[in-house]
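Observations on chain architecture
What follows is the residue order along each chain.
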Amino acid sequence: MQCWDPRMEFLPREDLERLQYRLLKLLVCRLYHFSPFYHHRMESARVHPDDINTLDDVNKLPFMYKSDLRDSYPDGIFTATTEDLVRYHVSSGTTGKPTVVGYTAADLHNWTDSLARGLSSCGLGRGDVVQVCYGYGLFTGGLGLHYGAERIGAAVIPASVGNTERQVEMMQDLKATAIACTPSYLLHIGEVAERMGISIKNDTSLRVGILGAEPWSERMRTRVQDWLGIKAYDIYGTSELSGPMFSECSAQEGFHVWGDLALVEVLDRESGEPLGPGEEGEMVVTMLQKEALPMIRYRIGDITSMETDVCPCGRTHPRVRRVTGRVDDMLIIRGINVFPSQVEYTLMTIPEVGRHFQIVVDRKGSLDDMLVRVEVSPEGISDRIQDLIKVRNTVEQKLKNTLNVTVEVELVEPGSLPRFEGKSKRVIDRRNL
Ligand code: DLL
């Protein structure tokens, strides 16, 4: 089995928890005494470093939110001086001011190491050729995966996004064995390859996909693996935590959150109470070793559940299940909560439905109206109107059963919906326009 840091990855659980407690205590002491922001936060929450005496005491600490980063734009809550910084990344700021993340050399080292562990646990190493098709630049995906893949001794193709035909040529010519990109971009690359007369499964050396930066479903994994002949692994992260950090291992049963670097909690969204293994709630992360921008109990807003048993691969670090969406991705349709990931999961169970869909939400009179446009798959194509009506009715019925809300379905031609090179935008909500 490939493994980057066996001593740490297989550390007995009690030792790991002891280490986490020590790191937490150290972090809290450092921030309380040296950072005016964290000092004030802890004082307001009436918590002192002396109150942190077990790992569970983490729940005495106040939460942090994205707004803390925005309000302190660009570097108001950094805990390292500019002399100690070696990199910045900046988030796109689609919902307001951008957020800036600074890194010291040690931060970059740990970030890269977390990726080296993840990539090795997906079976990659020396001799592999990793085509990195996440955006390079201010987005963390490109550079993050680039350095992670280099650290394990793989050869990197820093392809970034776009110029998709060229991507396919490079994949063939340089015999890429792995690709790192968003799941939506991989779908696009697969289709472009087919139009070029190239089957990724039969005509390339690709065997691994490191796919993340947006939600994708288990059903989509099955489809992508069957179609492209690869093993598709989920990778998760956010710029505030460093970037892509936590990926699945060969077991493909959720991503490992490296416990020496991060303490993860899954909490009930309303009460803030901790949830048990398998219970779905909001992920909250404390970065235990970050120097420039430590995050304490950061409420990322992502929804998932945690597994605390030891992974079938033997690694002892906690695992987090697929992120099904963000709290703010949730659509409320006539009072019912709907996640786009539920729509994807349901659609991917229907063979007549292709790989692409779009959700359009509008208001008709005083009622919310949800339309799901789906591309038909080759199995679903027919010139008999009755066949198409049957497919549409099946899709409507299955969506209604899953979502508990009636939605209208429109079948559209293969290739007619937008394709994405980075994160996909599958929801158009016209209610607030
Ligand atoms: O998307 C970092 C990244 C790059 C992760 C490459 C994986 C691969 P941000 O742009 O800050 O950072 O967006 C972070 O994207 O809070 C989630 O809502 C979503 N997200 C990231 N990975 C996944 C995933 C990067 N595997 C936000 N599944 C997060 C579901 C994901 N959602």
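Residues numbered from 1 in each chain as written. Predicted model: local features only at pLDDT ≥ 70, side-chain atom pairs only at ≥ 80, totals over all residues. Heavy atoms only, no water.

Taken domain by domain, the protein chain holds domain 1 (1–327) and domain 2 (330–429). For domain 1 and domain 2, the distance between their C-alpha centroids amounts to 30 Å. Across the boundary between the two partners, domain 1 contributes 26 residues, which contact 21 residues of domain 2. With both chains or domains summed, domain 1 and domain 2 bury close to 2,000 Å², and 52% of this area falls on carbon and sulfur atoms. If you sort the residues of domain 1 by the area they bury against domain 2, Glu191, Arg219 and Arg223 come out on top, with a joint share of 29%. Joining domain 1 to domain 2, the criterion identifies one salt bridge. Linking Glu191 and Arg419 is a salt bridge whose minimum nitrogen-to-oxygen distance equals 2.7 Å. Residue assignment for the side of domain 1 that touches domain 2 shows that the elements contributing at least two residues are helix 8 (183–195) and helix 10 (218–228). (Domains from an automatic or database assignment. Contact = heavy atoms within 4.5 Å. Buried area = accessible area lost by both parts, 1.4 Å probe. Salt bridge = Lys/Arg side-chain N within 4 Å of Asp/Glu carboxyl O. Helix = DSSP H or I, 4+ residues; strand = E, 2+ residues; numbered from the N terminus.)

The next point concerns the environment of Tyr32. Position of Tyr32 among the secondary structure elements: in helix 2 (residues 13–34). Separated by 17 residues in sequence, Tyr32 and Pro49 have C-alpha atoms that sit 7.2 Å apart. Separated by 2.6 Å, the side chains of Tyr32 and Glu43 make a polar contact. (Polar contact = N/O pair within 3.5 Å; in protein donor to acceptor, adjacent residues only side chain to side chain.)

The environment of the ligand is made up of 20 residues, and the closest members are Asp234, Ile235, Ser239, Asp302 and Lys423. One of the backbone N or O atoms of Pro215 is found 3.5 Å from a nitrogen atom in the ligand. Residue Ser239 places a main-chain N or O atom 2.9 Å away from an oxygen atom belonging to the ligand. For the ligand, whose unbound accessible area comes to 610 Å², protein coverage reaches 92%. For the shell around the ligand, the elements supplying multiple residues, two or more each, are helix 6 (140–151), strand 7 (231–238) and strand 12 (298–304). Sorting elements by how many residues they give to the shell around the ligand places strand 7 first, with five residues. Along the lines of polarity and charge, the residues of the shell around the ligand split into nine nonpolar, six polar and five charged. (Near = heavy atom within 4 Å. Areas by Shrake-Rupley, 256 points an atom, 1.4 Å probe, with all protein chains shown as cover. Nonpolar A, V, L, I, M, F, W, Y, C, P; charged D, E, K, R; others polar.)

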